[in-house]
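The chain contents come next:
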Amino acid sequence: MASHGNNDIENLKATELTLRPPGSDMPEKPTTMATKCNKRPIPDSDDESCRSRMDETEEMERKILAPPPKAQVVGWPPVRAYRMNSFRGRKSDDAEENAAKYVKVSMDGAPYLRKLDLKVYKGYEELRGALQAMFKCFSSVGMEGSDEYEYAITYEDKDGDWMLVGDVPWEMFISSCKRMRIMKGTEARGLSSCA
Amino acid sequence: MREEASEMSEDEEAGGAKERWAPDLGGGGEGGGSAVPFSDRVLEIVLENVLQFLTSRRDRNAASLVCRSWYRAEAQTRRDLFIGNCYAVAPRRATERFRGVRSIVLKGKPRFADFSLVPYGWGAHFSSWLFAMAPVYPWLERICLKRMTIADDDLSRIAHSFPLFKDLTLICCDGFSTVGLAIIADKCRHLRVLDLIEDYLEDEDDDEVVDWISRFPETTTSLESLVFDCVAGAFNFEALEALVARSPGLRRLRVNHHVTLEQLRRLMARAPQLTHLGTGAFRSGSVGAEAELDLTSSFAASKSLVCLSGFREVEPEYLPAIYLVCANLTSLNFSFANLTAEELKPVIQHCRNLRTFWVLDTVGDEGLLAVSQACRDLRELRVFPLDATEDSEGSVSDIGLQAISEGCRKLQSILYFCQQMTNAAVIAMSKNCPDLVVFRLCIMGRHRPDRITGEPMDEGFGAIVMNCKKLTRLSVSGLLTDKALAYIGKYGKLVRTLSVAFAGNSDLGLRYVLEGCSGLQKLEIRDSPFSDSALLCGVHHYYNMRFLWMNSCKLSMRGCKDVAERLPNLIVEVITDGTTNDAEEVERLYMYRSLEGPRNDAPPFVKIL
């Protein structure tokens, strides 16, 4: 009875109509349900576990059909940062994960600084891309190809030293970066050639 | 939460629905008497004496339009200058027209800047205004800024330029630090009010932070209000205690969360005449019941308290200390206090005269029921979410809203964050609370329908605009079709401020609003399917509005340029963020009328069409 139940549920999952392309991740809750269903049955009464699996199946059905949890949207719900920051202290671990990490970014020659949330990016490539987009209006020289060594991205770490971006693992970089500076010209070439 | 805060409220507007946007009469600087016949001048002087009693800016605007003589007289006698959009008029034009200004209120960034939708560095710098005012307003007494950037240099300049300076209020501002505050404290010898409300101070390393509280003069001060709960750093408590002791006129004090209950007790002992107290945190610095007893007597001695706030990191066992003042309270802000219904009930039961109540949703529907039973005179309620994410648990719902509507019949203003809502509850509120002026409902899950019927929330919001005849401000949410917007356009004739998010099906929705809401002055829209053709529907009205903000809709450069071309006095700003690749797509649009043409301080990510 138990193994039939397992197969049924697996087939159900495979043929179920969803709102996502096949193979994409299922939302967390149904996945948990699925793994529960696929576990070895508890050696209690078979009827009970079968019934509970049926319930789980129904719930899983409902959850599969429900839209997946949406990605967080900027500025929604509309609660001021002041208020959100006030509660950060309570959430300890969550706070560490979810809190933004804004650092100032300056570029030599640009009249304005910008601020970046480092947590938004998954790695150095994305960061470079974002910096390029942000500062391209200030740079008359394109930032691609042979012009690569015309600039260097540097950051100030916790000890107050200026380091070249890219040497340490991304997570370590995020935790130690206090601010960033895009250096141009000879200064940059000097740094790059040492690297 | 001051009564004066209504000045900054989005609800008050110069001109109102009847003001037509007309080009500036006679330019600036026509105050010269030489060209005016003597008899006329006499009449003008008489008029000036009469007009000085006119304080409402709406009345003053009307008076100034009567004729040139009245225009001049009004300009001479206006003491309070209100600029709702700092880019609508150049500082020079304002200072040339109004020569006798004593107080200025300036608003800068659009409200959606509060929600990270306006990139850092967009504008609204106070310095250009200060530069124009410093030489011509030596008698300036009051500056009130909202969502503007003010640097330490600006604070220094204020301190040095205005010898009679009395009142500095900064709301949601940024750009300054304790360095600037120290200069204000030190140099402004007549300072009465220093209110720092939800500002974002510049980051300072520990060794950069200045002990600004110690910089107030050693003598008796004229301080009446000191609000600094947003100045997050630790400070010299002894200096504050001494300051409070030598400020006999102090009525409002709101400290930051570094103050313990023991320290609060000491402050209250020094200032038993306080009317408004912000406790910062509400936690003891030590353990022991002794602290509680003393606290009760502290509150007992503060017979004038009408407004309490703070209560961050609240330790509920100390709350009974405030029971004695609850009966006198007209305003209570628990919106940073993580309290359950059980912890709230004994407090709120004492608060029979409460007019304003802000609270966290942790008290749940049950807590709101208690509020509805105790606070029959409530005029303003705000329920904030502890966990401001879409998928959070949600502790308040339509049940709480229904309860409030049944108990608090005199309600005028409500801001309510929740996860679940029903049309029935909203309809009930529309009928039970006919005095509603402000209705802001935020169902945090996007496109969320009626919890019970699964229907869109159209009927609920429709009932609000239909039944609440005094409504001037509305924020909508939940699953909404064009029908909801049709209701708003049809019945919301007095609506001045409208916020729309994730709503509507088609251009019709925006069209209904733009064509129907004849009193509309501030319109904010996000993530709704409105395109260029809908935008064009408002061309007849945009000059009557303070601004229009739209982000993540379906606008293109072409449509925005079209509007810009048709309305030369409208500034059309397209704000890019480097996130879109399509040059035609308009991600963020901010439009506002202006006498000046495109501003010259726009950063590179702002394109003015």
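Residues numbered from 1 in each chain as written. Chains lettered and ligands numbered in written order. Predicted model: local features only at pLDDT ≥ 70, side-chain atom pairs only at ≥ 80, totals over all residues. Heavy atoms only, no water.

1. Side note on the overall build of chain A
Working step 1: Each helix and strand counted, chain A has eight helices and five strands in total.
Working step 2: A buried classification covers 34% of the 195 residues belonging to chain A.
Working step 3: Nonlocal contacts in chain A, meaning residues at least 24 apart in sequence, comprise 58% of its contacts between residues at least 6 apart.
Working step 4: Here chain A displays about 12400 Å² of accessible surface, and carbon together with sulfur accounts for 53% of that area. (Helix = DSSP H or I, 4+ residues; strand = E, 2+ residues; numbered from the N terminus. Buried < 20%, exposed > 50% of the residue type's maximum accessible area, 1.4 Å probe, protein only. Contact = heavy atoms within 4.5 Å. Areas by Shrake-Rupley, 256 points an atom, 1.4 Å probe, with all protein chains shown as cover.)

2. A short note on helix α18 (residues 482–491) of chain B
Working step 1: When we look at burial in α18 of chain B, the residues that qualify are Asp 482, Ala 484, Leu 485, Tyr 487, Ile 488 and Gly 489 of chain B.
Working step 2: Tucked inside the fold, the buried residues of α18 of chain B contact α17 (458–467), β15 (473–475), β16 (497–501) and α19 (507–516) of chain B.

3. Quick word on the interface of chain B and chain A
Interface extent is often summarised as the accessible area lost during association of the parts.
Working step 1: Facing 44 residues of chain B, the contacting portion of chain A comprises 28 residues.
Working step 2: When residues of chain B are sorted by the area they lose upon contact with chain A, Phe 115, Tyr 120 and Arg 446 of chain B head the list and together hold 18% of the total.
Working step 3: Summed over the shared surface of chain B and chain A, the number is eight residue pairs in polar contact (both at pLDDT 80 or more).
Working step 4: Across the side of chain B that touches chain A, the residue classes break down as 23 nonpolar, seven polar and 14 charged. (Buried area = accessible area lost by both parts, 1.4 Å probe. Polar contact = N/O pair within 3.5 Å; in protein donor to acceptor, adjacent residues only side chain to side chain. Nonpolar A, V, L, I, M, F, W, Y, C, P; charged D, E, K, R; others polar.)

4. Description of the pattern of salt bridges
Here the idea is simple: oppositely charged side chains can pair when their charged atoms come close.
Residue and element names in this part refer to chain B.
Working step 1: Tallied over the full model, the rule gives 37 salt bridges over all chains.
Working step 2: Two residues, Lys 166 and Glu 141, come together in a salt bridge whose shortest N-O distance is 3.6 Å. Residue Lys 166 is found in the loop between α7 (152–161) and β4 (167–171), and its partner Glu 141 is found in the loop between α6 (127–136) and β3 (142–146); the two are separated by 25 residues along the sequence.
Working step 3: One salt bridge in this structure joins Glu 313 and Arg 283, with 2.8 Å as the shortest N-O distance. Here Arg 283 lies in the loop between β8 (276–278) and α11 (290–301) and Glu 313 lies in the loop between β9 (307–309) and α12 (323–326), a separation of 30 residues in the sequence.
Working step 4: Here Glu 313 falls in the partly exposed class, since its relative accessible area comes to 33%. (Salt bridge = Lys/Arg side-chain N within 4 Å of Asp/Glu carboxyl O.)

5. What to know about the pairing of strand β1 (residues 102–107) of chain A
Residues and elements named next belong to chain A.
Working step 1: Across four bridges, β1 lies against strand β2 (residues 114–117) in antiparallel orientation. Its bridge partner being in β2, Tyr 102 is matched across the sheet by Asp 117.
Working step 2: Bridge count for β1 against strand β5 (residues 179–184) is four bridges, and the pairing is parallel. Each residue of the ladder has a partner; that of Met 107, found in β5, is Ile 182. (Pairing = 2+ DSSP bridges.)

6. Let's talk about the confidence of the model for chain A
Residue and element names in this part refer to chain A.
Working step 1: In the predicted model, chain A carries a mean pLDDT of 65, and the fraction of residues at 70 or more is 44%.
Working step 2: Within chain A, the lowest mean pLDDT, 36, falls on helix α2 (residues 28–38), and the highest, 88, falls on strand β4 (residues 162–164).
Working step 3: Counting interchain partners and residues more than four positions distant, the pLDDT-below-50 stretch residues 1–5 has three contacts.
Working step 4: Residue range residues 23–50 is modelled with pLDDT below 50. Its contacts to residues more than four positions away, or to other chains, number 29 contacts. (pLDDT = per-residue confidence, 0-100.)

7. Some points on the pairing of β2 of chain A
Working step 1: On β2 of chain A, burial covers both faces: Arg 114 and Leu 116 of chain A on one face and Lys 115 and Asp 117 of chain A on the other are all buried.
Working step 2: Linking β1 of chain A to β2 of chain A, which pair antiparallel, is a turn of six residues; within it Gly 109 of chain A sits at a positive phi near 95°.

8. Focus: the domain arrangement of chain B
Residues and elements named next belong to chain B.
Working step 1: Taken as a whole, chain B is organised into domain 1 (14–78) and domain 2 (79–250).
Working step 2: The C-alpha-based centres of domain 1 and domain 2 are spaced at 30 Å.
Working step 3: Facing eleven residues of domain 1, the contacting portion of domain 2 comprises eleven residues.
Working step 4: When the buried area of domain 1 at its contact with domain 2 is split by residue, Arg 57, Ala 75 and Arg 78 rank highest and sum to 46% of it.
Working step 5: Seen at the junction of domain 1 and domain 2, the total is one salt bridge.
Working step 6: A salt bridge links Glu 74 to Arg 97; its shortest N-O distance comes to 3.8 Å.
Working step 7: Between the two partners, domain 1 and domain 2, sit four residue pairs in polar contact (both at pLDDT 80 or more).
Working step 8: Listed by contribution, the elements that provide at least two residues to the side of domain 1 that touches domain 2 are α3 (57–64) and α4 (68–77). (Domains from an automatic or database assignment.)

9. Description of the packing of α7 of chain B against helix α8 (residues 178–187) of chain B
Residue and element names in this part refer to chain B.
Working step 1: At a minimum axis separation of 8 Å, α7 and α8 run at an interaxial angle of 5°. Between α7 and α8, the angle falls in the class roughly parallel. Contact residues: α7 offers Asp 152, Leu 155, Ser 156, Ile 158, Ala 159 and His 160, while α8 offers Val 179, Gly 180, Leu 181, Ile 183, Ile 184 and Lys 187.
Working step 2: Taken together, the residues that form the contact of α7 with α8 break down as seven nonpolar, three polar and two charged. (Axes fitted to C-alpha atoms, helices over the stretch in contact; angles between N-to-C directions. Parallel < 35°, antiparallel > 145°, perpendicular 65-115°, else oblique.)

10. Re the sheet that holds β5 of chain A
Strand pairing in a sheet relies on backbone hydrogen bonds, with the paired strands running either antiparallel or parallel.
Residues and elements named next belong to chain A.
Working step 1: Ordered by their spatial adjacency, five strands build an open sheet running β2-β1-β5-β3-β4, and the pairing between neighbours is mixed. Across the chains shown, the open sheet's two edge strands, defined by having one partner strand only, are β2 and β4. Strand-to-strand twist across the sheet, computed as the mean angle between neighbouring axes with direction ignored, equals 30°.
Working step 2: Taken together, the six bridges between strand β3 (residues 151–156) and β5 define a ladder with antiparallel strand orientation.

11. A short note on the packing of α6 of chain B against α7 of chain B
All names here are of chain B.
Working step 1: At a minimum axis separation of 10 Å, α6 and α7 run at an interaxial angle of 15°. The angle between the axes of α6 and α7 places the two elements in the roughly parallel class. Of the two elements, α6 crosses α7, and the hand of that crossing is left-handed. Packed against α6, whose contacting residues are Ser 127, Leu 130, Phe 131 and Ala 134, the element α7 presents Asp 154, Arg 157, Ile 158 and Ser 161 at the interface.
Working step 2: By residue class, the composition of the contact of α6 with α7 is four nonpolar, two polar and two charged. (Left-handed = near helix turned anticlockwise from the far one by under 90°.)

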